[in-house]
Each structure stands twice: as C-alpha cells, then as structure tokens.
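Coordinate inspection notes
The lines below spell out each chain.
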Amino acid sequence: MRLTGLWWWIDRWRKSTAYTDLTLEEQGAYRNLLDEAWLRGGAIPNNEEVLAKACGDPRRWRKVRPAVMRRFQLQPDGWRNETLDEILARSAELFERRSVAGKAGNLKRWGNRIFTFK
C-alpha cells in the first residue's frame, strides 16, 4: 500500500514549534522533507545528497539543515519524524478499515458474482 495523500491539520501546524521557530525558508525545507518521508513510507535515507535535493534547494541545504533536522531522528532505516510516523500509522489503519468495509459492502451488494467486461 502506498499512501500518496497526506493529512494536514492547519491548526496543529500553526501551534507547532516548527511554525513558530523556523524561518520561512526553513519551514519550506521542513515541509518538503516531510513530503519526501511520506512518499517513502516514513524514512528518508541518511544521505546528504538525497536530503539536500528533497529539501527543495540543494544550494541552501547547508544553511537550513541544522534547524530542520532537529525535527527528525536518525533511526536504522533513515531519518524519521515522530509526528509524521503517527499520522502515517493512523492513515494506514484508516485505509485498511475502509478497504475492508468496501469489500464487505461489495460482497453484500453483488455476492460472489464475477463480472466480465467487453
């Protein structure tokens, strides 16, 4: 399963230290890294070239890196963000529940009929 849509709570973001403490440039790099981590299933490789490119501006990476990476933790599989991991886990759970419910509804409506389309 690959989740390509990210839940984003504006009120949660506006109350976060990432919003209040980071510069606009750092916020952009941080958000880009969150997106990259999401698309990779939660972890970004511990590779400076990948991180620099994913931040959105490899030329500015050295400047924004310290403030941005304080919000990630290095794990055996790469850089992770605790909040993002929580949202990813909840999203995967919701996806699975909706999938099961959809299959149950389909079975109830159509039974075990097999359809062929021409």
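For the structure itself, look to the data block above.
Quick caveat, the model's predicted, so the values are computed rather than measured. Along each chain, residues carry numbers from 1 onward, in the same order as the chain's sequence is written. Per-residue local features are limited, in this predicted model, to residues with pLDDT of at least 70; the limit for side-chain atom pairs, both in listing and counting, is 80 or more; totals at the level of whole chains, interfaces and linings are taken over all residues. To get the side-chain values, all heavy atoms of the structure are used, and hydrogens and water are removed first.

1. Describing the overall build of the protein chain
This is how it is decided: We count a stretch as a helix when DSSP gives it H or I for four or more residues in a row; a strand needs E for two or more, and each element gets its number in order from the N terminus. Accessibility here uses a 1.4 Å probe with only protein chains present; expressed as a share of the type maximum, an area under 20% marks a residue as buried, one over 50% as exposed, and anything in between as partly exposed. Whether two residues are in contact is decided by their heavy atoms, any of which lying within 4.5 Å being enough.
Along its length, the protein chain carries six helices and two strands. Reading the helices (α) and strands (β) of the protein chain from amino to carboxyl end gives α-α-α-α-α-β-β-α. Out of the 118 residues in the protein chain, the part that is buried amounts to 30%. Sequence separation of 24 or more characterises 63% of the internal contacts of the protein chain that already satisfy a separation of 6 or more.

2. Quick notes on the pattern of salt bridges
Pairing between side chains of opposite charge can happen when their charged atoms approach one another. Inclusion rule: Criterion for a salt bridge: a side-chain nitrogen of Lys or Arg within 4 Å of a carboxyl oxygen of Asp or Glu.
On inspection of all chains with the given rule, the structure shows seven salt bridges. Here Glu86 ties to Arg12 by a salt bridge, and the two come within 3.8 Å at their closest N and O atoms. Of the two residues, Glu86 sits in helix H6 (residues 82-110) while Arg12 sits in helix H1 (residues 10-15), which places them 74 residues apart along the sequence. Residue class for Arg12 comes out partly exposed when judged on its relative accessible area of 35%. When the shortest N-O distance is used, the salt bridge between Arg80 and Asp77 registers 2.8 Å.

3. A short note on the side chain of Asn81
Defined as follows: Any N or O atom pair separated by 3.5 Å or less is treated as a polar contact, with the protein-specific requirement of one donor-capable and one acceptor-capable atom, and with residues adjacent in sequence counted only for side-chain atom pairs.
Tracing the backbone shows Asn81 in the loop between strand E2 (78-80) and H6. In this structure Asn81 comes out as buried when scored by relative accessible area, which is 5%. Side-chain polar atoms of Asn81 contact the backbone nitrogen of Thr83, separated by 3.1 Å. A distance of 2.9 Å separates the side chain of Asn81 from the backbone nitrogen of Leu84, its partner in a polar contact. Among residues more than four places away in sequence, those in contact with Asn81 are Tyr30, Leu34, Arg71, Phe72 and Gln73.

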